[in-house]
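Chain and residue survey
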Amino acid sequence: MSDRLTVLKTYKLYVGGKFPRSESGRVYEVTAKTSAAGAAGKGEWLANAPQSSRKDARDAVVAARKAFGGWSGATAYNRGQILYRIAEMLEGRKDQFVREVADAEGLSKSKAAAVVDAAIDRWVWYAGWTDKIGQVVGGANPVAGPFFNLSTPEPTGVVAVLAPQESSFLGLVSVIAPVIATGNTAVVIASADAPLPALSLGEVLATSDLPGGVVNILSGKTAEIAAPLASHQDVNAIDLTGADAALAKELEIAAADNLKRVLRPPVSRHRPEKEAQSAAPSSAVDEDGAFDWSADPGTDRLTAFLETKTVWHPTGALGASGSSY
């Protein structure tokens, strides 16, 4: 029998391509959700996660803004290559994520494996859209007069993302990937009760050619971190997926101060349609009434944080002899 001590993992934030502890020095206990085959028992301690502060949120915004110019200026094809590389790295660390998802969501090993497979496939799916979404939502517009009128999509900027509370990995990937696929940078607040898959994702992003600051991952109390992000003047948009109805309303009011784009939480039986409006179809609800992240995501989240730029250009003299070109 070995008397070797287990080397426990220290989970850290992911900000600006680095792994800092919380500025406040605070941590909180993360426990397994329920017992499951191959997972820890209900309530069993898993790790101490950093509890982010308002200062951590502001630092993440600074890092995201610094990275925005380079990331939005990269070619769509290059962004797709990097997203595909993320999927490759996740494939290599699948066993770790299966274990963490099983603990976080109370799933059996086989069900957790299916969730991780779906999350990896979703990275690949969004990677393929990076150089195609422009053709779907942009194009030439017919106008009266001798002009070319062209509309092209451009990223909104820095997006604050409240990750789903129940879907610790597939839901997380489903809200991060479309934001960065279209050239935005993100400040992500992980699920408060199940942050470990998100914090481990930061380790994957750091080794997958994704420039530091494009994705920044914070853990802690969602309301505490989200409030300064919603009112931050250098945040251009906010995704309220992980907020309950009361918090979402407060954050939406705060976001109006600098006219942020706001993506409301998905519709579910627990959040009536009159209280929620999102880029996700209301039909994507599972048998328990929760939002079903395994459903076809469509392109709505890809377009949620895009701005349309329209350019007019003279065609030249068009007469009986034809164009002057």
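Definitions and cut-offs
- Residues numbered from 1 in each chain as written.
- Predicted model: local features only at pLDDT ≥ 70, side-chain atom pairs only at ≥ 80, totals over all residues.
- Heavy atoms only, no water.
- Core = buried A, V, L, I, M, F, W, Y, C linked by side-chain atoms within 4.5 Å.
- Buried < 20%, exposed > 50% of the residue type's maximum accessible area, 1.4 Å probe, protein only.
- Contact = heavy atoms within 4.5 Å.
- Phe/Tyr/Trp six-rings, centres within 6.5 Å; stacked < 30°, edge-to-face > 60°.
- Axes fitted to C-alpha atoms, helices over the stretch in contact; angles between N-to-C directions.
- Helix = DSSP H or I, 4+ residues; strand = E, 2+ residues; numbered from the N terminus.
- Parallel < 35°, antiparallel > 145°, perpendicular 65-115°, else oblique.
- Left-handed = near helix turned anticlockwise from the far one by under 90°.
- Patch = residues over 30% accessible without salt bridge, like charges linked within 9 Å, V, L, I, M, F, W, Y side chains within 5 Å.
- Areas by Shrake-Rupley, 256 points an atom, 1.4 Å probe, with all protein chains shown as cover.
- Salt bridge = Lys/Arg side-chain N within 4 Å of Asp/Glu carboxyl O.
- Pairing = 2+ DSSP bridges.

**Notes on the nonpolar core**
Core analysis: the largest hydrophobic core is formed by 63 residues, its most contacted members being Leu 90, Trp 123, Phe 169, Val 188 and Val 215. Beyond its immediate stretch of four places on either side in the chain, Leu 90 contacts Phe 97, Ile 120, Trp 123, Phe 169, Leu 201 and Val 204. Ala 60, Val 61, Ile 189 and Ala 248 belong to the second largest nonpolar core, which has 25 residues in total.

**Focus: the packing of aromatic side chains**
Under the criterion given, the structure shown has six aromatic pairs. Ring centres of Tyr 14 and Phe 19 lie 5.1 Å apart, and the angle between their planes is 35 degrees; this geometry places the pair in the tilted category. The exposure class of Tyr 14 is buried, given its relative accessible area of 1%. A relative accessible area of 31% places Phe 19 in the partly exposed class. With centroids separated by 4.5 Å and ring planes inclined at 70 degrees, the aromatic side chains of Phe 291 and Trp 293 adopt a geometry described as edge-to-face.

**Quick look at the packing of helix α3 (residues 94-105) against helix α7 (residues 196-206)**
Here α3 crosses α7 at 160 degrees, and the two axes come no closer than 9 Å. Overall, the two elements α3 and α7 adopt an arrangement that is roughly antiparallel. As α3 runs across α7, the sense of the crossing is left-handed. Residue-level contacts link Gln 96, Phe 97, Glu 100, Val 101 and Ala 104 of α3 to Leu 196, Pro 197, Ser 200, Leu 201, Glu 203 and Val 204 of α7.

**Section: the side chain of Gln 51**
Within the secondary structure layout, Gln 51 lies in the loop between β2 (45-50) and α1 (54-73). By relative accessible area, Gln 51 is classed as buried at 9%. If near-sequence neighbours (up to four positions away) are discounted, Gln 51 is found in contact with Ser 22, Ser 24, Arg 26, Val 27, Tyr 28, Asp 56, Ser 219, Gly 220, Lys 221 and Glu 224.

**What to know about a nonpolar patch on the surface**
There is a patch of nonpolar side chains on the surface, built from Phe 148, Leu 150 and Val 311 and spanning about 250 Å² of accessible area. Its location among the elements puts Phe 148 in strand β4 (residues 147-155).

**Re the pattern of salt bridges**
Under the counting rule described, the total for this entry stands at 14 salt bridges. Ionic pairing is found between Lys 33 and Glu 166, a salt bridge with its closest N-O pair at 3.3 Å. A residue pair is termed long-range when its members are at least 10 positions apart, and Lys 33 in the loop between β1 (27-31) and β2 and Glu 166 in the loop between β5 (158-162) and α6 (170-181) qualify at 133 residues. The class of Lys 33 is partly exposed, set by a relative accessible area of 41%.

**Overview of the sheet that holds strand β3 (residues 139-140)**
Here three strands make up an open sheet; going across it, the order is β3-β4-β10 and the pairing antiparallel. Strands with a single pairing partner mark the edges of an open sheet, and in this sheet they are β3 and β10 (306-314). Bridge count for β3 against β4 is two bridges, and the pairing is antiparallel. Bridged to Gly 139 within β4 is Ser 151.

**What about the environment of Ala 67?**
Structurally, Ala 67 is set in helix α1. As for Ala 67 and Gly 213, which are separated by 146 residues in sequence, their C-alpha atoms are 5.2 Å apart. Excluding its chain neighbours within four sequence positions, the residues that come into contact with Ala 67 are Thr 185, Gly 212, Gly 213 and Val 214.

**Some remarks on the sheet that holds β5**
Strand order in the open sheet made by the five strands is β7-β6-β5-β8-β9, with parallel pairing throughout. Each edge of the open sheet is held by one strand with a lone partner, namely β7 (215-218) and β9 (261-263). Neighbour-to-neighbour, the strand axes of the sheet open up by a mean angle of 15 degrees, direction not taken into account. Along the sheet, helix α8 (residues 222-231) contacts β5, β6 (185-189), β7 and β8 (237-239); its crossing angle with β6, the most-contacted strand, is approximately 150 degrees.

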